[in-house]
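# Survey of secondary and tertiary structure
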Amino acid sequence: MSRATRGGGATAAFVTSFTVENHLDRDIWITPIGAEVGDQLDNLVFDGFIAFTRDPWYDQLPRYCRAMLARLGSASANPTKDAQAAEPIDALLADFDDLCEAQPPGRLPDVVDDIGFLIEELRVQTFAQTLGTSVTVSPKRIRKAMADATVTLTPTDATSLVLGTRWRIDGGAWYIPCRRRGGWRRCLRPGPHPGRGG
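Keep in mind that this is a model prediction, so the values were computed, not measured. (Residues numbered from 1 in each chain as written. Predicted model: local features only at pLDDT ≥ 70, side-chain atom pairs only at ≥ 80, totals over all residues. Heavy atoms only, no water.)

Turning our attention to the overall build of the protein chain. Along its length, the protein chain carries 9 helices and 4 strands. Listing every helix and strand of the protein chain by position from the N terminus yields α-α-α-α-α-α-α-α-α-β-β-β-β. Counting the 198 residues in the protein chain, one finds 41% classified as buried. For the protein chain, restricting intrachain contacts to residue pairs at least 6 apart in sequence, the fraction spanning at least 24 positions comes to 64%. Summing over all exposed atoms, the protein chain offers an accessible surface of approximately 10300 Å²; the carbon and sulfur share of this is 55%. (Helix = DSSP H or I, 4+ residues; strand = E, 2+ residues; numbered from the N terminus. Buried < 20%, exposed > 50% of the residue type's maximum accessible area, 1.4 Å probe, protein only. Contact = heavy atoms within 4.5 Å. Areas by Shrake-Rupley, 256 points an atom, 1.4 Å probe, with all protein chains shown as cover.)

If you want it as structure tokens, here you go:
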């Protein structure tokens, strides 16, 4: 599918109109699991995601959304089991966040971006097996992909400065973090984080 036709495609229509909030009762939404799934959705669906998300991952977005609902349904019945199943994924996400933060400003290298989607596939395999995965995936494979990813830090300007994990100034331009989707995204001026929670 060409990016020029994506805006009117079925994937765009489904994902743009999809909100986890509409499928959750309030009790689930205020739990840590509900908040985690909300953050997951924010990292997949954001302003400009139609043009930003690369093939072949773009057409997988509806499946990832359906997997979120499957997880929430199961978690509401057995939150302890969900927490245990999430532990290896949480460990991978922590390491992946470190990998993303080590990248220079701008879009993540494809090899790093792909790892984020491998983690999405692992979530499907873990919480919604009936939906199937588009690639063979396991924690071991993902860790190998991380190890193989080349981390190159090349600041473009001596004025590059990281302000905690919220802002980055590089050559006088402001950047906001878009974890697992784009490294640091340039913005016109400081403002709230694009994800949930401000």
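Having seen the model, we can carry on.
Nonpolar side chains tend toward joint burial in soluble globular proteins. If you look at the biggest cluster of nonpolar residues, it comprises 37 residues, and the most contacted ones within it are Phe96, Ile115, Ile119, Ile142 and Met146. If you list the elements that add at least two residues to this core, you get helix H4 (32-44), helix H6 (61-77), helix H7 (79-101), helix H8 (110-127) and helix H9 (139-148). In terms of residue count, the dominant contributor to this core is H8 (8 residues). Aside from chain neighbours lying at most four places away, what touches Ile142 is Leu92, Ile115, Leu118, Ile119, Leu122 and Val137. (Core = buried A, V, L, I, M, F, W, Y, C linked by side-chain atoms within 4.5 Å.)

Below, the discussion takes up the pattern of salt bridges. Under the definition given, this model contains 9 salt bridges. Between Arg63 and Glu121 there is a salt bridge, with the nearest N and O atoms lying 2.7 Å from each other. Residue Arg63 is found in helix H6, and its partner Glu121 is found in helix H8; the two are separated by 58 residues along the sequence. Per residue, the accessibility class of Arg63 equals that of Glu121, and both read buried. When the shortest N-O distance is used, the salt bridge between Lys144 and Asp148 registers 2.8 Å. With Lys144 and Asp148 both in helix H9, this residue pair falls 4 residues apart, about one helical turn. It is possible to trace a salt-bridge network through shared partners that takes in Arg54, Asp110, Asp113 and Asp114. (Salt bridge = Lys/Arg side-chain N within 4 Å of Asp/Glu carboxyl O.)

Think of a pair of aromatic rings as described by two things: how far the centres are apart, and how the planes are tilted against each other in angle. A full pass over the atoms with the stated rule returns 2 aromatic pairs. Aromatic side chains Trp57 and Phe117 sit 5.1 Å apart centroid to centroid with 5° between the ring planes, which places their arrangement in the stacked category. Taken together, the residues Trp57 in the loop between helix H5 (49-52) and H6 and Phe117 in helix H8 connect sequence positions 60 residues apart. Take Trp57 and Phe117: they sit in the same class, and that class is buried. Judged by its relative accessible area of 1%, Phe117 is buried. Each member of the aromatic cluster is reached from another via a ring pair, and the members are Trp57, Tyr64 and Phe117. (Phe/Tyr/Trp six-rings, centres within 6.5 Å; stacked < 30°, edge-to-face > 60°.)

The end-to-end C-alpha separation of H7 is 30 Å, in line with the 33 Å expected for 23 residues at 1.5 Å each. Its buried side turned inward, H7 meets H4, H6, H8 and H9. (Expected span 1.5 Å × (residues − 1).)

By themselves these figures say nothing about function.
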